[in-house]
Amino acid sequence: MRLGVLMLDTRFPRLAGDIGNAATFSCDVDYEVVPRATVARLVAAEPDAALLGPFVDAGRRLVARGCTRITTSCGFLVLWQVPLARALEVPVLSSSLLLLSRLPGAGVLTFDPATLAAAHLAAAGARADTPVEGLQPQDSLYRTIAEDRAELDQAAAEIEVIAAGRRLLRGAPWIRGIVLECTNFGPYRRALAASLGLPVHGIVEALTDPAFQ
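Read on for a plain summary of the structure. (Residues numbered from 1 in each chain as written. Predicted model: local features only at pLDDT ≥ 70, side-chain atom pairs only at ≥ 80, totals over all residues. Heavy atoms only, no water.)

### Side note on the overall build of the protein chain
Turning to step 1, where the next piece is worked out: What the protein chain contains, in helices and strands, is eight helices and eight strands.
Turning to step 2, where the next piece is worked out: Compactness check: the protein chain gives a C-alpha radius of gyration of 16 Å against a globular reference of 17 Å for 213 residues, within 12% of the reference.
Turning to step 3, where the next piece is worked out: With the principal axes as the frame, the protein chain shows a C-alpha extent of 45 × 35 × 35 Å.
Turning to step 4, where the next piece is worked out: Put simply, the protein chain has 213 residues, and 52% of those count as buried.
Turning to step 5, where the next piece is worked out: Contacts in the protein chain between residues at least 24 apart in sequence constitute 69% of all its contacts with a sequence separation of at least 6.
Turning to step 6, where the next piece is worked out: About 9,200 Å² of surface is accessible on the protein chain, with carbon and sulfur atoms providing 52% of the total. (Helix = DSSP H or I, 4+ residues; strand = E, 2+ residues; numbered from the N terminus. Rg over C-alpha atoms; globule rule 2.2 N^0.38 Å. Buried < 20%, exposed > 50% of the residue type's maximum accessible area, 1.4 Å probe, protein only. Contact = heavy atoms within 4.5 Å. Areas by Shrake-Rupley, 256 points an atom, 1.4 Å probe, with all protein chains shown as cover.)

Rendered as structure tokens:
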């Protein structure tokens, strides 16, 4: 597999485990930044429709360079799974949220629980009552992503992701696993799983799921 990643236009650091860091993968990976595809324009109840064409164009450039699989750096793009898959000539996995249809009993950790809407769950084939929790606006990781800061407090970010996971589990103690909507949570996946005693799946794990090959 040669993986092509459609990247948001951001500058915040991407650690190993994040889809935006090539060291995360054992396969060949190529990146294409979609100009002006900011967090503010895409992490919303409805992404900015003016960006769909640029995403398709960027995906076609990746395919032309030999990529055999396309993914994205933002789980909210599950809303564009169908148009991206129709427009490109290779398999497309827009979001880790697509795992929810394969993981009954899972909850979601997201960058912004205030904007992850019923439409995103429906596009993923998930139940409307899927438990959702995420970062808080005062969290350092939230501010780093939302404000596109050039520096990241890795230790604080890990604590904040684990705290979000604990809130999710307190609200839905019956869940049997967690899906990470946010691709930037990947570096903290193992620590989160160890802290909660639950399996945790992100976009990297979704890319190896046989259902999406």
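### So, the pattern of salt bridges
Turning to step 1, where the next piece is worked out: If you walk through the whole model with that rule in mind, you get ten salt bridges.
Turning to step 2, where the next piece is worked out: In this structure, the salt-bridge partner of Asp30 is Arg2, at a minimum N-O distance of 3.6 Å. Taken together, the residues Asp30 in strand β2 (residues 28-33) and Arg2 in strand β1 (residues 2-7) connect sequence positions 28 residues apart.
Turning to step 3, where the next piece is worked out: Between Glu133 and Arg167 there is a salt bridge, with its nearest N and O atoms 3.6 Å apart. Of this pair, Glu133 sits in strand β6 (residues 132-134) while Arg167 sits in helix α6 (residues 154-171); the two residues are 34 residues apart in sequence, bridging distant segments of the chain. (Salt bridge = Lys/Arg side-chain N within 4 Å of Asp/Glu carboxyl O.)

### Examining the sheet that holds strand β3 (residues 69-72)
Turning to step 1, where the next piece is worked out: Reading across from one edge, β2-β1-β3-β4 is the order of the four strands in this open sheet, with parallel pairing throughout. Where the open sheet ends on each side, the last strands, each with one partner, are β2 and β4 (92-93).
Turning to step 2, where the next piece is worked out: Looking at chain direction, β1 and β2 are connected through six bridges and run parallel. Across the sheet, Leu3 pairs through a bridge with Val29, a residue of β2.
Turning to step 3, where the next piece is worked out: Running over the sheet, helix α2 (residues 52-64) touches β1, β2 and β3 and is turned about 155 degrees from β1. (Pairing = 2+ DSSP bridges. Axes fitted to C-alpha atoms, helices over the stretch in contact; angles between N-to-C directions.)

### Some details on the sheet that holds β6
By way of backbone hydrogen bonds, the strands of a sheet pair with one another, either parallel or antiparallel.
Turning to step 1, where the next piece is worked out: Here we have four strands laid out as an open sheet, ordered β6-β5-β7-β8, and parallel in their pairing. Of all the strands in the sheet, the pair left with one neighbour each is β6 and β8 (200-201).
Turning to step 2, where the next piece is worked out: Bridging between strand β5 (residues 106-110) and β6 involves three bridges; their strand directions are parallel. Note on β6: the bridge partner recorded for Leu109 is Glu133.

### A word on the nonpolar core
Turning to step 1, where the next piece is worked out: In this structure, Phe55, Ile70 and Ile178 are the most contacted members of the largest nonpolar core, which totals 69 residues.
Turning to step 2, where the next piece is worked out: Among residues more than four places away in sequence, those in contact with Ile178 are Gly107, Leu109, Leu168, Leu196, Leu198, Pro199, Val200 and His201. (Core = buried A, V, L, I, M, F, W, Y, C linked by side-chain atoms within 4.5 Å.)

### Overview of the packing of α6 against helix α7 (residues 189-196)
Turning to step 1, where the next piece is worked out: The interhelical angle for the contact between α6 and α7, taken along N-to-C directions, is 40 degrees, at an axis separation of 10 Å. The angle between the axes of α6 and α7 places the two elements in the oblique class. Note on packing geometry: the crossing formed by α6 with α7 is right-handed. For the pair α6 and α7, the contacting residues are Glu158, Val161, Ile162, Gly165, Arg166 and Leu169 in the first and Ala191, Leu192, Ser195 and Leu196 in the second.
Turning to step 2, where the next piece is worked out: Partitioning the contact of α6 with α7 into residue classes produces six nonpolar, two polar and two charged. (Parallel < 35°, antiparallel > 145°, perpendicular 65-115°, else oblique. Left-handed = near helix turned anticlockwise from the far one by under 90°. Nonpolar A, V, L, I, M, F, W, Y, C, P; charged D, E, K, R; others polar.)

### Things to note about α2
It helps to recall that an α-helix has 3.6 residues per turn; residues three or four apart then point in one direction.
Turning to step 1, where the next piece is worked out: Look at α2: 18 Å from first C-alpha to last across 13 residues, which is about the 18 Å you get at 1.5 Å a residue.
Turning to step 2, where the next piece is worked out: Along α2, the residues classified as buried are Phe55, Val56, Ala58, Gly59, Leu62 and Val63. Looking straight down α2, one finds its buried side chains confined to an arc of 165 degrees; they lie on one side.
Turning to step 3, where the next piece is worked out: Against β1, β2, α1 (39-42), β3 and α3 (81-87) lie the buried residues of α2.
Turning to step 4, where the next piece is worked out: Remark: Gly66 follows α2 within two positions and exhibits a positive phi of approximately 105 degrees. (Expected span 1.5 Å × (residues − 1). Arc of directions from axis to C-beta.)

### Concerning the packing of aromatic side chains
Turning to step 1, where the next piece is worked out: One pass over the structure, following the stated rule, counts two aromatic pairs.
Turning to step 2, where the next piece is worked out: Ring centres of Phe55 and Trp80 lie 5.6 Å apart, and the angle between their planes is 70 degrees; on these two criteria the pair is classed as edge-to-face. Taken together, the residues span a long stretch of sequence, with Phe55 in helix α2 and Trp80 in the loop between β3 and α3 at a distance of 25 residues. One exposure class covers both Phe55 and Trp80, and it is buried.
Turning to step 3, where the next piece is worked out: With 4.6 Å between their ring centres and 15 degrees between their planes, Phe111 and Tyr142 make a pair best called stacked. In this pair, Phe111 is assigned in the loop between β5 and α4 (118-123) and Tyr142 in helix α5 (residues 140-146), connecting sequence segments 31 residues apart.
Turning to step 4, where the next piece is worked out: Taking relative accessible area as the criterion, Phe111 reaches 4% and is therefore assigned buried. (Phe/Tyr/Trp six-rings, centres within 6.5 Å; stacked < 30°, edge-to-face > 60°.)

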